[in-house]
Amino acid sequence: MDISSPITGVKGVGAKTEQLFQKTGVYTVGDILLRFPREYAKFPAPAEISSARAGQKQALLVHVDAPAVVKRTRTMQVTVCTGRHLESQMEFLWFRMPYVRNTLQKGQTYILYGMVQEKRGQLSMEQPAIYTPSQYEDICGTLQPVYGLTAGLSNNLYKKTLRQVLESGLLIPEYLPACTRQKYGLCEYNYAVSQIHFPSDFDALTQARKRLVFDEFFLFVLCMQMQKEQGQKIENQFRIANGHLLGPLLEKLPYRLTGAQLRVLEEIQHDLQGPHIMQRLIQGDVGSGKTILAFFTMYLVSQSGCQSAIMAPTEVLAVQHYETFSQYIELLGIKAHLVLLTGSMTAREKRRAYERLQLFSDAMVIGTHALFQEKAVYDCLALVITDEQHRFGVRQRETFALKGESPHILVMSATPIPRTLAIILYGDLDISVVDEVPAKRLPVKNCVVGTGWRPNAYAFIRREIEAGHQAYVICPLVEESEHAEGENVIDYAAALKEALPEHIEVAFLHGKMRADMKNRIMEEFAANKIQVLVSTTVVEVGVNVPNATVMMIEDAQRFGLAQLHQLRGRVGRGEAQSYCIMVNTSDSKSAAKRLDVLNKTNDGFQIASEDLKLRGPGDFFGIRQSGDMEFQLADIYQDSRILQQASEEAQRILTQDRELELPEHWELRKRVRSQFDGQAELLNL
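Parameters and conventions
Residues numbered from 1 in each chain as written. Predicted model: local features only at pLDDT ≥ 70, side-chain atom pairs only at ≥ 80, totals over all residues. Heavy atoms only, no water. Helix = DSSP H or I, 4+ residues; strand = E, 2+ residues; numbered from the N terminus. Rg over C-alpha atoms; globule rule 2.2 N^0.38 Å. Buried < 20%, exposed > 50% of the residue type's maximum accessible area, 1.4 Å probe, protein only. Contact = heavy atoms within 4.5 Å. Lys, Arg positive; Asp, Glu negative; His and termini not counted. Charge placed at Lys NZ, Arg CZ, Asp CG, Glu CD. pLDDT = per-residue confidence, 0-100. Salt bridge = Lys/Arg side-chain N within 4 Å of Asp/Glu carboxyl O. Phe/Tyr/Trp six-rings, centres within 6.5 Å; stacked < 30°, edge-to-face > 60°. Lys NZ or Arg CZ within 6 Å of the ring centre and 35° of its normal. Pairing = 2+ DSSP bridges. Axes fitted to C-alpha atoms, helices over the stretch in contact; angles between N-to-C directions. Core = buried A, V, L, I, M, F, W, Y, C linked by side-chain atoms within 4.5 Å. Expected span 1.5 Å × (residues − 1).

### Description of the overall build of the protein
Looking only at helices and strands, one finds 24 helices and 21 strands in the protein. Expected size for 685 residues packed as a compact globule is a radius of gyration near 26 Å; at 27 Å, the protein falls within 12% of this value. Across the 685 residues of the protein, 55% fall into the buried class. Restricting to contacts in the protein with at least 6 residues of sequence separation, those with at least 24 account for 73%. Of note, the protein has its 75 positive side-chain charges centred 3 Å away from the centre of its 79 negative side-chain charges.

If you want it as structure tokens, here you go:
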């Protein structure tokens, strides 16, 4: 068995289980080794019911005197069991889990692990995990990995399969030179992989994470710097129209572009007419007006008789861009050929779009990943724009660019990243910053509250909806988890339906849903058929809903400030006053200090800089604080020092050995080729 062996090579993994693993992205033995835990659970020593405390996750020793019963509410089944220990007793509840009734046997003792809550003066525990005393003894005090799963694939089966692979003696070649590991105090690669899955203790986990975070940054920066060297040599083959064409159009706009927008537009025009192809990143805060810059850039390309394409991260956003561009064309009284191409279009619609690509050599094309599929053949693609770069991998961006003959590349991102980090992460791109927000936008009003303020928040949401507006509610989890603390989308949406009047439509949205379902829900929310959308951070980059005026974020302390700012940017897009309510469920002073930064400013770049200063050691037990770029473990804020070290080392090695031909770099060369399969030619490897 080696890392390329199919996952069925592991004992106990048959065809059905293989399909479940494939849904999580695991096809080979190497895939499961390099798919790291989402978080870790640490199980405390069992306690008596009398020592239960509200707001704490505890393991309680419980004796079952009477069978559990299943009750029905308007929206779900609730299994209820009253357990006791000595003179104390407590109620335990499970939602949508009627089978628990058969698990709990009368007269038996169990250890129930979960969050203790207080309602109407009574303590209870919801959705606790159930263990026999012997089962719990095996995990008590250990760090247990928790993986992102799919229905039918349990965490226990995932761990069992992983253990078999690790115990098989399979080794992955160490590719970092010994001098690099010694210089930065990095542990051996196979040790890191083993300890990230099943850590001996917290120190071992810390060392493993440090090594693997370094790897993620190092390989990313190494590849990016190699691409930059190649890109600098590419001559500009296109003669793009002079920017003076835009003057009359700017006068027709019902508003004036900000100084920052005009400055960036001038930088883009200079690139388009320069000797080498444009490779530029536009960093702009939420609502700073990047979309109209993309439109004018594509318009200049079309006036030169060439095609341009913009790729959005979601179909809903692609359609919205198409509608927005159509409005600009009508408003400005210009002629342009727009083409929309998304994955969910019918075969006939796609065929018509492909025909238009061939028919109009000046087409402005808008779409999703479908833009770089094999059947999409462009006539003269001179400009490629990716919206929200970190939602696409490096390989996807390059594949898209290869659809043309060395086209200009423009990347747009609303993620506020301090300039020092942006230079490293986007080192292959020139950077423009749109650091002004249009004057007509009212700043969002913020407040940080505790859980006791929820009834007031619900009443406020109700009033905003009655005034014709809409609201988002963000939760950190998709569904109740025995390992992770925090509000979850599914149960929260059900509870909110109970709390709000029946005429208010509440729906939920999360990343595990099918793409067509997610698109339908976002479209209905945009059309105000849904008034309250309970969601995970999947809406962080989403459709523009100017009518939404309330953003309520549960367990706000669980998210990074930059991500909270992105979420807040979903509201405040219309003319009405908007509000952001951040619910802090922690007693931590540091959490309160971090959230206070967001409470006091709406400047994304100031927030990002403060976030960088306030980050503490790695949060192994919570949700990762930022989802930027394409890193599994690394966090650009929390791990900024490691990012800088990885960047320095990548530069040192490339300066010494650009082609990675020295013996000490042979394994690194192999790793880069396998990591960035399909780009070896681009990297000259």
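### Observations regarding the confidence of the model for the protein
In low-pLDDT regions, the fine details of the predicted coordinates are not to be read closely. Of all residues in the protein, 91% attain a pLDDT of 70 or more, and the chain-wide mean is 86. Note on residues 616-628: pLDDT is under 50 here. Beyond four places in sequence and across chains, it has 44 contacts. In the model, residues 678-683 has pLDDT below 50 throughout and makes 14 contacts with residues more than four positions away in sequence or in other chains.

### As for the side chain of Glu464
Within the fold, Glu464 resides in helix α16 (residues 454-466). Despite its burial, Glu464 pairs with no opposite charge; the closest candidate is Arg463, at 6.8 Å N-O.

### Quick notes on the packing of aromatic side chains
This structure, assessed with the given rule, holds 18 aromatic pairs. Plain terms: the ring middles of Tyr184 and Phe214 are 5.4 Å apart, the flat faces sit at 40° to each other, and that makes the pair tilted. In this pair, Tyr184 sits in helix α6 (residues 178-184) while Phe214 sits in helix α8 (residues 202-231), placing the two residues 30 residues apart along the sequence. The class of Phe214 is buried, set by a relative accessible area of 1%. Consider the rings of Phe460 and Tyr579, whose centres lie 4.9 Å apart with planes at 85°: the pair is edge-to-face. One end of the pair, Phe460, is in helix α16; the other, Tyr579, is in strand β21 (residues 579-583), with 119 residues separating them in the sequence. With relative accessibility at 17%, the residue Phe460 sits in the buried group. The class for Tyr579 is partly exposed, based on a relative accessible area of 22%. Every member of this aromatic cluster is reached through a ring pair, and the members are Phe43, Tyr113, Tyr131 and Tyr136. In this arrangement the basic side chain of Arg163 is found over the ring face of Phe198, its NZ or CZ atom lying 3.9 Å from the centre.

### A short note on the sheet that holds strand β18 (residues 506-509)
Two modes of strand pairing occur in sheets, parallel and antiparallel, and in both the strands are linked by backbone hydrogen bonds. Read across the sheet, six strands follow the order β16-β21-β20-β17-β19-β18 without closing on themselves; strand pairing throughout is parallel. Of all strands in the sheet, those with a lone pairing partner are β16 (445-449) and β18, marking the two edges. Strand after strand, the sheet turns through a mean of 15° between neighbouring axes, direction not considered. Bridge analysis of β18 against strand β19 (residues 532-535) gives four bridges, and the strand direction is parallel. Directly across from Val506, in β19, lies its bridge partner Val532. The strands that helix α19 (residues 561-568) touches are β16, β17 (470-474), β20 (548-553) and β21; relative to β20, the one it contacts most, it runs at about 150°. In the packing of helix α20 (residues 589-600) onto the sheet, the strands contacted are β16 and β21, and the crossing angle to β16 comes to about 160°.

### Notes on the environment of Thr291
By the element assignment, Thr291 lies in helix α11 (residues 290-303). Separated by 39 residues in the primary sequence, Thr291 and Lys252 have C-alpha atoms spaced 17 Å apart.

### Side note on unusual backbone geometry
At Asp555, a position not held by glycine, the phi torsion is positive, near 50°. By the element assignment, Asp555 lies in the loop between β20 and α19. Classification of Asp555 as buried rests on a relative accessible area of 6%. Positive phi is not limited to glycine here, since Leu660 has a value of about 55°. Tracing the backbone shows Leu660 in the loop between α22 (640-656) and α23 (666-675). Residue classification places Leu660 among the buried residues on the basis of a relative accessible area of 0%.

### Side note on the pattern of salt bridges
Counted according to the given criterion, the structure contains 20 salt bridges. Close ionic contact of Arg454 with Glu487 constitutes a salt bridge, the shortest N to O distance being 3.2 Å. Here Arg454, found in helix α16, pairs with Glu487, found in the loop between β17 and α17 (489-499); they are 33 residues apart in sequence, far enough to count as distant. Judged by relative accessible area, which is 26%, Glu487 ranks as partly exposed. Arg454 is the partner of Glu554 in a salt bridge, and the nearest nitrogen-oxygen pair spans 2.8 Å. Linking Glu554 in the loop between β20 and α19 with Arg454 in helix α16, this pair joins segments that are 100 residues apart in sequence.

### Quick look at the nonpolar core
Judged by nonpolar contacts, the single largest core of 69 residues is most densely connected at Phe217, Phe218 and Leu668. Among the elements that make up this core, the one with the highest residue count is α8 (13 residues). Residues contacting Phe217, with those up to four places away along its chain left out, are Phe631, Ala634, Asp635, Ile636, Asp639, Ile642, Leu643 and Ala646. Membership of the second largest hydrophobic core comes to 38 residues, among which are Leu253, Val301, Ile329 and Leu383.

### A few points about the pairing of strand β9 (residues 279-284)
Two faces belong to every sheet, and in a regular strand the side chains alternate between them. Within β9, six of the six residues are buried, leaving the element largely enclosed by the surrounding structure. Side chains Gln279, Leu281 and Gln283 of β9 all project onto a buried face; the interleaved residues Arg280, Ile282 and Gly284 project onto the opposite face, where all are buried too. Inspection of the sheet shows β9 paired to strand β14 (residues 408-413) by five bridges, in the parallel sense. Across the sheet, residue Ile282 finds its bridge partner in β14, namely Met412. Examined bridge by bridge, β9 and strand β15 (residues 430-434) share five bridges and lie parallel to one another. Looking at β15, one finds that Leu281 is bridged to Ile431.

### Here's the deal with α11
The first and last C-alpha atoms of α11 sit 20 Å apart over 14 residues, in line with the 20 Å expected at 1.5 Å per residue. Counting buried positions along α11 yields 12 of 14 residues, so the element is predominantly enclosed. Along α11, the residues that are buried comprise Lys290, Ile292, Leu293, Ala294, Phe295, Phe296, Thr297, Met298, Tyr299, Leu300, Val301 and Ser302. Directly beyond the C-terminal end of α11, a positive phi value near 80° is found at Gly305.

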